[in-house]
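Commentary on secondary and tertiary structure
Each chain, written out:
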Amino acid sequence: MKETKENFALLEAQLEGMRFFGGDAIGLVDIAACWLAHWLGVFEEVAEVRLATEDEFPRLCRWAKEYASDEKVRACLPDRAQMLAHFTANKEMFMAMAKSMLPK
């Protein structure tokens, strides 16, 4: 969790004064960070954990909303309700996989 928040802080700093990571238009870094905009909320809901709050990362959260609401991006994103149903149904398996990766 600590490392994730440190990485989010690095991304947050890169968005200072910019709408997207490259400026006013969506670019390669935005596409690479797509999972933050669309998938992270689903993972947070399923895992019952909040990693990126608007209080901690206002620019990153604003970016995520703007990126995911872009018409061209939205056309490529999987349905959130279907993702939520899939990950909720498989939560135990994903939790077991995550626990198996923890240092012993």
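This text goes with the structure placed above it.
Let us look at the structure shown here.

Cut-off values and rules
Residues numbered from 1 in each chain as written. Predicted model: local features only at pLDDT ≥ 70, side-chain atom pairs only at ≥ 80, totals over all residues. Heavy atoms only, no water. Helix = DSSP H or I, 4+ residues; strand = E, 2+ residues; numbered from the N terminus. Buried < 20%, exposed > 50% of the residue type's maximum accessible area, 1.4 Å probe, protein only. Contact = heavy atoms within 4.5 Å. Lys, Arg positive; Asp, Glu negative; His and termini not counted. Charge placed at Lys NZ, Arg CZ, Asp CG, Glu CD. Salt bridge = Lys/Arg side-chain N within 4 Å of Asp/Glu carboxyl O. Polar contact = N/O pair within 3.5 Å; in protein donor to acceptor, adjacent residues only side chain to side chain. Phe/Tyr/Trp six-rings, centres within 6.5 Å; stacked < 30°, edge-to-face > 60°. Patch = residues over 30% accessible without salt bridge, like charges linked within 9 Å, V, L, I, M, F, W, Y side chains within 5 Å. Areas by Shrake-Rupley, 256 points an atom, 1.4 Å probe, with all protein chains shown as cover. Axes fitted to C-alpha atoms, helices over the stretch in contact; angles between N-to-C directions. Parallel < 35°, antiparallel > 145°, perpendicular 65-115°, else oblique. Left-handed = near helix turned anticlockwise from the far one by under 90°.

**So, the overall build of the chain**
Helix and strand counts for the chain come out as eight helices and zero strands. Reading the chain from its N terminus to its C terminus gives the helix and strand order α-α-α-α-α-α-α-α. C-alpha extents for the chain along the principal axes are approximately 40 × 30 × 25 Å. In the chain, which comprises 104 residues, the proportion classed as buried is 29%. When contacts within the chain are restricted to residue pairs at least 6 apart in sequence, those whose partners lie at least 24 apart make up 76%. Computed over 13 positive and 17 negative side-chain charges, the separation of the two mean positions in the chain equals 3 Å.

**Some words on the side chain of Asp 30**
Take Asp 30: it is sitting in helix H2 (residues 28-32). An unpaired buried charge is present at Asp 30: no salt bridge exists, and Arg 62, the closest side chain of opposite charge, is 8.3 Å distant. At a separation of 2.8 Å, a polar atom in the side chain of Asp 30 contacts the main-chain amide nitrogen of Gly 27. Apart from the residues lying within four places of it in its own chain, the contact partners of Asp 30 are Phe 20, Phe 21, Gly 22, Ala 25, Trp 63 and Tyr 67.

**Observations regarding the packing of aromatic side chains**
In total, this model carries seven aromatic pairs according to the counting rule given. Judged by centre distance (5.0 Å) and plane angle (70 degrees), the rings of Phe 43 and Phe 87 are edge-to-face. One end of the pair, Phe 43, is in helix H4 (residues 40-47); the other, Phe 87, is in helix H7 (residues 80-89), and 44 residues separate them in sequence. Taken together, a centroid distance of 5.2 Å and an interplanar angle of 50 degrees make the contact between Phe 87 and Phe 94 tilted. Phe 87 gets classed as buried once you look at its relative accessible area, which sits at 12%. Ring pairs connect the aromatic residues Trp 39, Phe 43, Phe 87 and Phe 94, which therefore count as one cluster.

**Quick look at a nonpolar patch on the surface**
Side chains of Met 93, Met 97 and Met 101 sit close together on the surface and give an oily, nonpolar patch of about 330 Å² of accessible area. Within the element layout of this structure, Met 101 appears in the segment after helix H8 (91-100).

**Topic: the packing of H4 against H7**
One way to put it is that H4 packs onto H7 with a least axis distance of 10 Å and a crossing angle of 40 degrees. Here H7 runs oblique to H4, going by the angle between their axes. Seen along the crossing, H4 lies across H7 with a hand that is right-handed. For the pair H4 and H7, the contacting residues are Gly 41, Val 42, Phe 43, Glu 45 and Val 46 in the first and Arg 80, Met 83, Leu 84, Phe 87 and Thr 88 in the second.

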